[in-house]
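Fold and contact review
Residues per chain are reported as follows:
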Amino acid sequence: MAKMAASVVESGEDAFRKIFKFYKRRNPPPDFRDVIDFSRSVPGDQVIPAILDPGRVSDVEAAKVGLQPVRDWRAFGLKGYPGFMFISNPFLLGSKPFWVRQCLKTYPQKPNVCNLDMHMCPSDTQDIWDKSVHGLSSPRSGKTQPKTLLDRLRWVTLGYHYNWDTKMYSANNYTPFPADLQSLSFQITSACGFPGFNAEAGILNYYRSDSSLGIHVDESELDHSRPLLSFSFGQSAIFLLGGTRRQDPPTAMYMHGGDVMVMSGQSRLLYHAVPRIVAAPQGHPALEMEGCSLASSRRNCSVVEPLSEQDWAVCSRYTQSARVNVTVRQVLGPGQSFSETPSSHQKTDADQTEGPHDHPADECGKRRRVSSDTVET
């Protein structure tokens, strides 16, 4: 646990909640010196090297989804957190803009579900990108601009659509999972020692500078033996990883654009949260300019495509002040199917957030518990 944060915890208190509030604090701002930064880390007392299996993913297959050769990945674990793996930006230079565009332009499209559907008719949310592109690509002026639909986007669900009321998935609430994201997830999990991972559900969260993620455990999936993947794009965040109880003090770490986390084994059911979004540091641009020139280098790529100048302009502007997080899950294990009645283990602790409020300026519905803007499950 971070030394600075540890000083705010007293015996018998909810240690996770205390440290969450410590890092969320605005005035005075918290001390970030003890936050682990894997982009600068070397194995030591707390950070340990993670073992990958490069033989399971060829360089060609990795490049198709915009990843470096597995042998070049910088992968770490943490002492005391078996099954947790952190991969520091394994993406090829210039490939992240494609994934950002998918998150902003493609994945919010119907038949996928988003928070705007809670308050608007389907025709109004059919083309979120097209209805927002003019506002996001026009020059900034001194006047306050009205929020576009993309600005008001808070979450999107893919595949088996998570039900925020029941905290469950169901067989009758499903749309095809995106093939490109499934391929990316398959290559990551294969290299991490989980061959055969089947991406069946995804939750995308769109963070603004004042957004946070409440304290929760991801346990709604029926099969907990498969890992949970988390992809980060855009601005950075403080991520807290705790234990099996809220009394367990969490470890704080940065998630920068391009970073990937894999939670498996014992770490699969640990409490975690994001108390704060922080500006991407020097050396970690929210989006590389090379995103405009992929055509010559990846003409034969089956997944990653070059961006048009307009798409690049919108993605670049969006990520200058926002973060997108993508979590991917396998819901069903071999031979499993959904039961007709909810089972107790399908409920989550997502309701235990830090002060659930509906942001007055956005369209995040009351069906979803939010802390500032965002909550994940």
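Going by the structure above, here's the rest.
First, a word on scope: everything that follows refers to the structure included in this document. What you see is a predicted model, and the numbers here were worked out from it, not measured in a lab. (Residues numbered from 1 in each chain as written. Predicted model: local features only at pLDDT ≥ 70, side-chain atom pairs only at ≥ 80, totals over all residues. Heavy atoms only, no water.)

Quick look at helix 4 (residues 96-106)
- Of all eleven residues in helix 4, nine are buried; the element is thus mostly enclosed.
- Within the sequence span of helix 4, burial applies to Lys 96, Pro 97, Phe 98, Trp 99, Val 100, Arg 101, Gln 102, Cys 103 and Leu 104. (Buried < 20%, exposed > 50% of the residue type's maximum accessible area, 1.4 Å probe, protein only. Helix = DSSP H or I, 4+ residues; strand = E, 2+ residues; numbered from the N terminus.)

Describing the environment of Lys 96
- Within the secondary structure, Lys 96 is located in helix 4.
- Sequence-distant contacts of Lys 96, defined by excluding residues within four places in its chain, comprise Asn 89, Phe 91, Phe 233, Gly 257, Gly 258, Leu 287 and Glu 288. (Contact = heavy atoms within 4.5 Å.)

Things to note about unusual backbone geometry
- Cis geometry is found at the peptide bond from Asn 27 to Pro 28, where omega equals -5°.
- Tracing the chain through its elements places Pro 28 in the loop between helix 2 (15-24) and strand 1 (47-49).
- Phi at Lys 167 is positive, roughly 60°, even though this residue is not glycine.
- Note on placement: Lys 167 falls in the loop between strand 5 (155-159) and helix 6 (179-191).

Some remarks on helix 7 (residues 309-319)
- Where burial is concerned, most of helix 7 is hidden: eight out of the eleven residues are buried.
- Of all the positions in helix 7, only Asp 311, Trp 312, Val 314, Cys 315, Ser 316, Arg 317, Tyr 318 and Thr 319 are classed as buried.

Some thoughts on the sheet that holds strand 12 (residues 272-278)
- With antiparallel pairing, the four strands of this open sheet are ordered in space as 7-12-9-10. With one partner strand each, in any of the chains shown, strand 7 (213-216) and strand 10 (251-255) form the two edges of the open sheet. Neighbour to neighbour, the strand axes of the sheet diverge by 25° on average, direction disregarded.
- Pairing analysis gives two bridges linking strand 7 to strand 12, with the strands arranged antiparallel. Residue pairing in the sheet places His 216 in a bridge with His 272 of strand 12.
- Helix 2 contacts strand 7, strand 9 (236-241), strand 10 and strand 12 of the sheet and is inclined by roughly 10° relative to strand 12. (Pairing = 2+ DSSP bridges. Axes fitted to C-alpha atoms, helices over the stretch in contact; angles between N-to-C directions.)

Digging into the pattern of salt bridges
- The final tally for this structure, using the stated rule, is 15 salt bridges.
- Between Asp 117 and Lys 110 there is a salt bridge, with its nearest N and O atoms 3.0 Å apart.
- Within the structure, one salt-bridge network assembled from shared partners comprises Arg 101, Lys 105, Glu 305 and Asp 311. (Salt bridge = Lys/Arg side-chain N within 4 Å of Asp/Glu carboxyl O.)

Brief notes about the packing of aromatic side chains
- If you walk through the whole model with that rule in mind, you get eleven aromatic pairs.
- With centroids separated by 4.1 Å and ring planes inclined at 20°, the aromatic side chains of Phe 38 and Phe 86 adopt a geometry described as stacked. Note that Phe 38 is positioned in the loop between helix 2 and strand 1 and Phe 86 in strand 3 (residues 84-87), a separation of 48 residues in sequence. The two residues Phe 38 and Phe 86 agree in class, both being buried.
- Ring plane angle 75° and centroid distance 4.9 Å describe the contact between Tyr 162 and Trp 164, whose orientation is recorded as edge-to-face. The two residues Tyr 162 and Trp 164 agree in class, both being buried.
- Here the aromatic residues Trp 155, Tyr 162, Trp 164 and Tyr 169 are joined through ring pairs into a cluster of three or more.
- Against the face of Tyr 207 rests Arg 323, its NZ or CZ located 4.9 Å from the ring centre. (Phe/Tyr/Trp six-rings, centres within 6.5 Å; stacked < 30°, edge-to-face > 60°. Lys NZ or Arg CZ within 6 Å of the ring centre and 35° of its normal.)

Quick look at the sheet that holds strand 2 (residues 75-78)
- What the nine strands build is an open sheet, ordered 1-2-3-11-8-13-6-5-4; its pairing is antiparallel. Unpaired on one side and paired on the other, strand 1 and strand 4 (113-114) mark the two borders of the sheet.
- Taken together, the six bridges between strand 8 (residues 228-234) and strand 13 (residues 323-329) define a ladder with antiparallel strand orientation. When the sheet's bridge partners are listed, Phe 231 is paired in strand 13 with Val 326.
- Along the sheet, helix 6 contacts strand 3, strand 5, strand 8, strand 11 (260-263) and strand 13; its crossing angle with strand 8, the most-contacted strand, is approximately 115°.

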